[in-house]
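Notes for the structure review
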Amino acid sequence: MNNDILIYEKSRPGRLGFSLAETKAGDRAVDNLIPGKFLRGSEAALPEISEPELVRHYVELSTRNHHIDKGFYPLGSCTMKYNPKVNDAMASLTGFAKQHPLAPESQCQGALELMYNLAAMLSEITGFPRTTLQPVAGAHSELGGILIIRAAMLKRGKMRTKILIPDSAHGTNPASVVMAGYETVQVKSTERGTLSADDVARVIDDETAGMMITNPNTLGLFESEIQKIAKVVHDAGALLYMDGANLNALLGQTRPADMGFDVVHFNLHKTFSTPHGGGGPGAGALAVTKELVPFLPTPMIEKNGDRYFFDNDRPDSIGRMHSFYGNFGNMVRVYTYVRHLGAAGLKRVSENAVLNANYLRMLLKDVYELPHDRICQHEFVLSGSRQKKRGARTADIAKRLLDFGVHAPTVYFPLIVPEAIMIEPTETESKETLDRFAEIMIQIDREIDENLDMVLHAPHNTPVRRLDEVKATKTLDISYVG
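Structural notes, computed from the coordinates. This is a predicted model, so every value here is computed, not measured. (Residues numbered from 1 in each chain as written. Predicted model: local features only at pLDDT ≥ 70, side-chain atom pairs only at ≥ 80, totals over all residues. Heavy atoms only, no water.)

Examining the nonpolar core
If you look at the biggest cluster of nonpolar residues, it comprises 82 residues, and the most contacted ones within it are Leu122, Leu133, Tyr182, Met211 and Phe272. By residue number, the principal contributor to this core is helix H13 (residues 328–364), which donates 10 residues. Apart from the residues lying within four places of it in its own chain, the contact partners of Leu122 are Thr131, Leu133, Phe266, Leu268, Phe272 and Ala285. (Core = buried A, V, L, I, M, F, W, Y, C linked by side-chain atoms within 4.5 Å. Buried < 20%, exposed > 50% of the residue type's maximum accessible area, 1.4 Å probe, protein only. Helix = DSSP H or I, 4+ residues; strand = E, 2+ residues; numbered from the N terminus. Contact = heavy atoms within 4.5 Å.)

Quick look at the structure:
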C-alpha cells in the first residue's frame, strides 16, 4: 500500500465518511439564515473518503511524527517530559472541556476556583504574592513581564531605555525586549559559564530598566552570584526578571523571590507536564512582587466569600494579554499535575531531573567535548567540535540520531558554545533509556571514523530523508496544488 499519497489523491467522488440525520427544516434551512453574499457558489473542495480510510490515513501520519509517547526527546531547554494521561482525563471532563469562555461568572465558578487556586500554588512555588495565568506561552509571558517593568518605570516617572541580557539568553529574550520598546545590552558570561556581579555592575547605568536572567542558565549551570547581581540591579533602580524556562531544576529547592527576582514567568507546558510538541498549545504564567501586582494583566481572578469573579477595576494594569483568560485546558492539566504530586513530589521531580542530567553528562563527557565540566542542573551542553574536525558537524550527528528513533537534542544553542549539543533528559526517563541514548551517541562517534558517509547522509530510516538545506531556505513554497 502506498502511504505517501495525499488524502486528496485518495478521494473518490461520492464516497462518504459520515452521515447526518435528516431534519424537518430541510437542507436549505441554514442557507436561508445566511446572507447570500456569504454563501459558497460551489461545493468546498474537500476530500471524499470513507471513515476507515480517513482513520488509517491520519493514524499513519501520526506515526511519522516523533513525540514523547513514542520515544526519547532530549530537547534542551524544552523539558519534553512525559505527560501523564490522568492530566488529559481531567481536562476532558465535560464541565471543563465544554465550558464556554463567555459564560457568565455564575456558571463557571468551578473553573474560576481552579484558576484561582492554581495561581495561588504557583505563587507559593515561586515565593511571590500574586500570579496571572493569562499568557499562553513563555515568550508571551516574557513580553508581559517586560511591559510590567515598563509600566512600573513609567509610574516612577521615567521609562528608561535599556534591558540587560546575558550572552547565553534564550532568543526570545531580546525579541521581547525590543517588542516592549527597549534596547538590549549584552552581558558576557565568564569562563565558568555564569554571570559575574562585577560584570553586571560595569554595564548597568541609570538608563537600565531591568535585567533578564535564566536560572539555571542555558548551559544548565546555576547562577551562583544571583543575589549579588540582584543587589547591583536594585541599587541602580532597575528590576530583575527571571526567565523560568528552566524551572524544572528548582521545584522545592529554592524560589525566585528568595534569589532577589521581581518577576518570573513559567513555561507551564514544560515544567508542569502539558503536551507542547508541534508549536502548542502552550501555557504561560507570570508571578510578581507586591510592588508590581497593580500592573498585572486584567482581569485578575479574585474571591469574595465563596464567590469567584473577574476583577477588571485595575487602573495601572498593562491591559489584556489574551482575548480570554489563557489556555484553560492546560491549566486543568497543570492543576492536576501539581495536586497529584504535592510539595514532596515536585521536589523529587527536580532532584531526579538533575540526577538524570548529571548521569548522562558523565557517560558522554569523555567522547564529546564538555566546555564546562562541572555539576550541572537539569541539562548540560556538549560541543561537537572534536567530531567536526573528523568530518561530521553537530547537524550530522543530530540527523543520524533520528535513525535510532530518538529526537535530536537542541543544537547550535546556546550560541556561546561552538557546535553546541544541549541535552535535557528530564526526570521521567529511566536509567535504561539514558544508557541507550549514551550508547547511540558513542556509536555515532565511532561511525565518523568507520563509515563517515553513513553519518553525512543520515537520516536513512525516516519518512523524509535529509533536505537540501540551502534550497529549503530559498524555496519556501510548501503548498500542494492538485
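Some words on the sheet that holds strand S12 (residues 420–423)
Read across the open sheet, the 3 strands follow the order S10-S12-S11; overall the sheet is antiparallel. Only two strands of the sheet have a single neighbouring strand rather than two, namely strand S10 (380–383) and strand S11 (410–411). (Pairing = 2+ DSSP bridges.)

Examining unusual backbone geometry
Residues Thr298 and Pro299 are joined by a peptide bond in cis, for which omega reads 0 degrees. Phi is positive for Ser77, which is not a glycine, with a value near 65 degrees. Residue placement: Ser77 occurs in the loop between helix H3 (51–64) and helix H4 (85–91). Since its relative accessible area comes to 4%, Ser77 is described here as buried. In this structure, Ser273 takes a positive phi of about 65 degrees despite not being glycine. Along the chain, Ser273 falls in the loop between helix H12 (268–271) and strand S7 (284–288).

Quick notes on the packing of H13 against helix H16 (residues 431–450)
Direction vectors running N to C along H13 and H16 enclose 30 degrees, while the axes themselves pass 10 Å from each other. It follows from the interaxial angle that H13 and H16 lie roughly parallel. Judged by the sense of rotation from one axis to the other, the crossing of H13 with H16 is right-handed. Here H13 contributes Asn356, Tyr359, Leu360, Leu363 and Leu364 to the contact with H16, which in turn contributes Lys431, Leu434, Asp435, Phe437, Ala438, Met441 and Ile442. (Axes fitted to C-alpha atoms, helices over the stretch in contact; angles between N-to-C directions. Parallel < 35°, antiparallel > 145°, perpendicular 65-115°, else oblique. Left-handed = near helix turned anticlockwise from the far one by under 90°.)

Regarding the pairing of S7
Counting buried residues along S7, 5 of its 5 residues qualify, which places the element largely inside the surrounding structure. Going residue by residue along S7, you find Gly284, Leu286 and Val288 tucked away on one face and Ala285 and Ala287 tucked away on the opposite face as well. With 3 bridges connecting them, strand S1 (residues 130–132) and S7 associate as antiparallel partners. Paired with Thr132 across the two strands is Leu286, which belongs to S7. Of the pairings in the sheet, the one linking strand S6 (residues 263–267) to S7 comprises 5 bridges and is antiparallel in character. Across the sheet, the residue bridging to His265 is Leu286, located in S7.

Describing the pairing of strand S8 (residues 300–304)
Sheet analysis places S8 next to strand S9 (residues 307–311), joined by 5 bridges and oriented antiparallel. Paired with Lys303 across the bridge in S9 is Tyr308. Connecting S8 to the next strand, S9, in antiparallel fashion are 2 residues, including Gly305 with a positive phi near 65 degrees.

So, the environment of Ile149
Mapped onto the elements of the fold, Ile149 is located in helix H7 (residues 138–156). On a C-alpha basis, the gap between Ile149 and Phe380 in space is 31 Å, while along the polypeptide they are 231 residues apart. Filtering out sequence-adjacent residues up to four positions away, Ile149 remains in contact with Ala209, Leu239, Tyr241 and Val263.

Quick word on the sheet that holds S1
Spatial ordering of the open sheet is given by S1-S7-S6-S5-S4-S2-S3, a layout of 7 strands whose pairing is mixed. Looking at which strands have only one partner, the edges of the open sheet turn out to be S1 and strand S3 (183–187). The sheet shows a mean angle of 25 degrees between the axes of neighbouring strands, taken without regard to direction. Sheet strands touched by helix H6 (residues 109–126): S1, S6 and S7. Its angle to S1, the strand with the most contacts, is close to 125 degrees.

Some words on the pattern of salt bridges
If you walk through the whole model with that rule in mind, you get 26 salt bridges. Measuring nitrogen to oxygen at the nearest pair gives 2.4 Å for the salt bridge that ties Glu207 to Lys158. Linking Glu207 in the loop between helix H9 (197–203) and strand S4 (208–214) with Lys158 in the loop between H7 and strand S2 (162–166), this pair joins segments that are 49 residues apart in sequence. The exposure class assigned to Lys158 is partly exposed, which follows from its relative accessible area of 44%. Arg400 is paired through a salt bridge with Asp403; the nearest N and O atoms lie 2.8 Å apart. Here Arg400 matches Asp403 in class, with each residue buried. Salt bridges here are not isolated pairs; linked through shared partners, they connect Arg361, Lys365 and Asp373. (Salt bridge = Lys/Arg side-chain N within 4 Å of Asp/Glu carboxyl O.)

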